Amino acid sequence: MRRSASAVRAEHDVIRLSHSGLDTTGVRREVLRALRRVVPSDATFFATADPETLLFTGAWPDPPLDTATPLFLDNEFGGGDVNTFAGLVTSGRPVATLDGATGRDRWASERYREIMRPLGLGDEMRAALVTGRRCWGYLCLHREDGLLGFTATEKTALARLAPHLAHAIRTAALVDGPAAADHRPGVVLLTDDLRLVSLTPDAEHLLSLLPPGAPLPLPVYAVAAALRSGSALPSARVRGADGSWLTLHASRLTGTGQLAVVVEPAEARAAAPLVLAAHGLTTREADVATLVLRGLPTRAISDQLHISAHTVQDHLKAVFDKVGVRSRRDLVIRLLG
């Protein structure tokens, strides 16, 4: 079906804004506002993700979704419902609707029965925001409960725009320059049902650098919920408001039934792979850059990756161009300080 001129302009606005170098706040305000002109919705959930672990690193749910965050997390990591965000990434079909997954039998979804219907919500359309084979975030558009859900045309439109939205999030990870932060690790204690028990002052300070949640930022609950679902020592890397990178990882305390989430500054080397990916490096370019950051010379990189020295230099030139540096020394200074 031919798209109207206004629909085409609306999509072009989303694409233009996605490639305009906005920070995460700008993406949330400008890009998503433009997206609503393409695919109208009654409530939106937008989240950033760690491309390696696929865990949430930040989330901004509209009302009434914000009142049900623990329920949505339980559903996401419970593994028994349709269209989980991580499942969209691994399935190779990054956009899906609830009606499509259930054959329009919404009651087949526990998420609909237990969470969405009580909130007055019906069909939802979820998207894993993937570019360069890496997922940088998630989007879920909701409609009020009723017979009409999202159309095939709207699903196709979101599928066209999802890689551009992913590009916007990936770029946002690089907008703010790295900050020299002097933070000490902190610890958050949670019950097994993710209720807050206590947290150290250092944890409280570090969490203040993240998008606020109720009562804790979503990445804390995400790593804890992943642990409960069986993940071994789940972790996520998150960019703080001061430009520094933080690592969150969860473990279970022996004999207490409580969960501990450690929040600590990420060493530059730990954050480097994510920063390299945010620059749009290919897998092989990232491999070469990582070995350069470890101090390996060209011949050693060639031997380890089983490629010629000439190919190493070609990849390295591409790395310099994408990161915006001119030498190995500049690369190390840019990423490791």
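Structural data are supplied above this passage.
Keep in mind that this is a model prediction, so the values were computed, not measured. (Residues numbered from 1 in each chain as written. Predicted model: local features only at pLDDT ≥ 70, side-chain atom pairs only at ≥ 80, totals over all residues. Heavy atoms only, no water.)

*Asks:* Can you help me understand the side chain of Ser 18 in this one?
*Replies:* Among the structural elements, Ser 18 can be located in helix α1 (residues 5-18). Separated by 2.7 Å, the side chain of Ser 18 and the backbone oxygen of Val 14 make a polar contact. Residues in contact with Ser 18, not counting those within four places in the same chain, are Val 31, His 164, Leu 165, His 167 and Ala 168. (Helix = DSSP H or I, 4+ residues; strand = E, 2+ residues; numbered from the N terminus. Polar contact = N/O pair within 3.5 Å; in protein donor to acceptor, adjacent residues only side chain to side chain. Contact = heavy atoms within 4.5 Å.)

*Asks:* For this particular structure, what's the right way to read the packing of aromatic side chains?
*Replies:* The description of an aromatic ring pair uses the distance of the two centres, along with the angle that the planes make with each other. The tally for this structure, following the rule as stated, stands at seven aromatic pairs. Judged by centre distance (5.9 Å) and plane angle (85°), the ring pair of Phe 45 and Phe 56 falls under edge-to-face. Here Phe 45 is found in strand β1 (residues 43-49), whereas its partner Phe 56 is found in strand β2 (residues 56-61), with 11 residues between them in sequence. Summarising the burial analysis for this pair, Phe 45 and Phe 56 share the class buried. Judged by centre distance (4.8 Å) and plane angle (35°), the rings of Phe 85 and Tyr 138 are tilted. Taken together, the residues Phe 85 in helix α4 (residues 85-91) and Tyr 138 in strand β5 (residues 134-144) connect sequence positions 53 residues apart. Each member of the pair, Phe 85 together with Tyr 138, is buried. One aromatic cluster is present, built from ring pairs that chain together Phe 45, Phe 56, Phe 85 and Tyr 138. Over the aromatic face of Phe 85 sits the side chain of Arg 126, whose NZ or CZ is 4.0 Å from the ring centroid. (Phe/Tyr/Trp six-rings, centres within 6.5 Å; stacked < 30°, edge-to-face > 60°. Buried < 20%, exposed > 50% of the residue type's maximum accessible area, 1.4 Å probe, protein only. Lys NZ or Arg CZ within 6 Å of the ring centre and 35° of its normal.)

*Asks:* When you look at helix α11 (residues 283-293) in this model, what are you seeing that I'm missing?
*Replies:* Among all positions of α11, only Glu 285, Ala 286, Val 288, Ala 289, Leu 291, Val 292 and Leu 293 are buried. The secondary structure elements touched by the buried residues of α11 are α10 (268-278), α12 (298-305), α13 (309-323) and α14 (328-336). One or two residues past the end of α11 sits Gly 295, with phi positive at roughly 90°.

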